Amino acid sequence: MSDFIPKGYTKQQITIRIDEQKLEKIDRIAAKFNLSRSAFVNQCIDYALSMMEIGKES
């Protein structure tokens, strides 16, 4: 196991409340693409943020 190099965790844990039907849909789509719920939600957020047009980027 000499190749193991621990790395820092760069994501922050948060809590959100989400409608049950949305969560079920998220879980179905994530499973379809063999992704964790977290990975899928992060990709959705990245996509939504990249598509937003709000003038100057914050």
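Just above sits the structure.
Chains are numbered independently. Their residues run from 1 in the order of the written sequence. Where totals are concerned, whole chains, interfaces and linings use all residues; where local detail is concerned, this predicted model gives features only for residues with pLDDT of at least 70, and gives and counts side-chain atom pairs only at 80 or more. With hydrogens and water set aside, each side-chain value is computed from the structure's full complement of heavy atoms.

Chemist: With reference to specific residues and values, describe the overall build of the protein.
Modeler: Think of it this way: any DSSP run of H or I at least four residues long counts as a helix, any run of E at least two long counts as a strand, and we number them from the N terminus. Within the protein one finds two helices and zero strands. Think of it in three bands: with a 1.4 Å probe and only protein chains considered, a residue is buried below 20% of the maximum accessible area for its type, exposed above 50%, and partly exposed in between. A buried classification covers 5% of the 58 residues belonging to the protein. For the area figures, the Shrake-Rupley method with a 1.4 Å probe applies, and any residue is considered shielded solely by the protein chains shown. Surface exposure of the protein reaches about 6300 Å², of which carbon and sulfur atoms provide 55%.

Chemist: Describe a nonpolar patch on the surface, and please don't skip the residues or the numbers.
Modeler: Patch definition: residues above 30% relative accessible area lacking any salt bridge, with like charges linked at up to 9 Å and the nonpolar side chains Val, Leu, Ile, Met, Phe, Trp and Tyr linked at up to 5 Å. Within this document, salt bridges are pairs made up of a side-chain nitrogen of Lys or Arg and a carboxyl oxygen of Asp or Glu, the two lying within 4 Å of each other. On the surface, a nonpolar cluster with roughly 400 Å² of combined accessible area is contributed by Ile 45, Leu 49, Met 52 and Ile 54. Positionally, Met 52 belongs in the segment after helix H2 (37–51).

Chemist: Quick one: what's the story with the packing of helix H1 (residues 20–32) against H2, residue by residue and with numbers?
Modeler: Two packed helices can be described by the angle between their axes and the distance between those axes. All axes are obtained by fitting lines to C-alpha atoms, using only the stretch in contact for helices, and the reported angles, taken between N-to-C directions, cover 0 to 180 degrees. Contact pair H1 / H2: the axes reach a minimum separation of 9 Å and the direction vectors enclose 100°. For the element pair H1 / H2, the angle class is roughly perpendicular. Facing Leu 23, Ile 26, Asp 27, Ile 29 and Ala 30 of H1, the residues of H2 in contact are Arg 37, Phe 40 and Val 41. Amino acid classes used here: Ala, Val, Leu, Ile, Met, Phe, Trp, Tyr, Cys and Pro are nonpolar; Asp, Glu, Lys and Arg are charged; the rest, including Gly, are polar. Split into classes, the residues belonging to the contact of H1 with H2 amount to six nonpolar, no polar and two charged. Oblique is the label for any angle not under 35 degrees, not over 145, and not in the 65 to 115 range, which are roughly parallel, roughly antiparallel and roughly perpendicular in turn. We call two residues in contact when some of their heavy atoms are within 4.5 Å.

Chemist: Just give me the short version of unusual backbone geometry, but keep the residues and values in it.
Modeler: A positive phi angle is found at Asn 34, which is not glycine, with a value near 55°. Along the polypeptide, Asn 34 turns up in the loop between H1 and H2.

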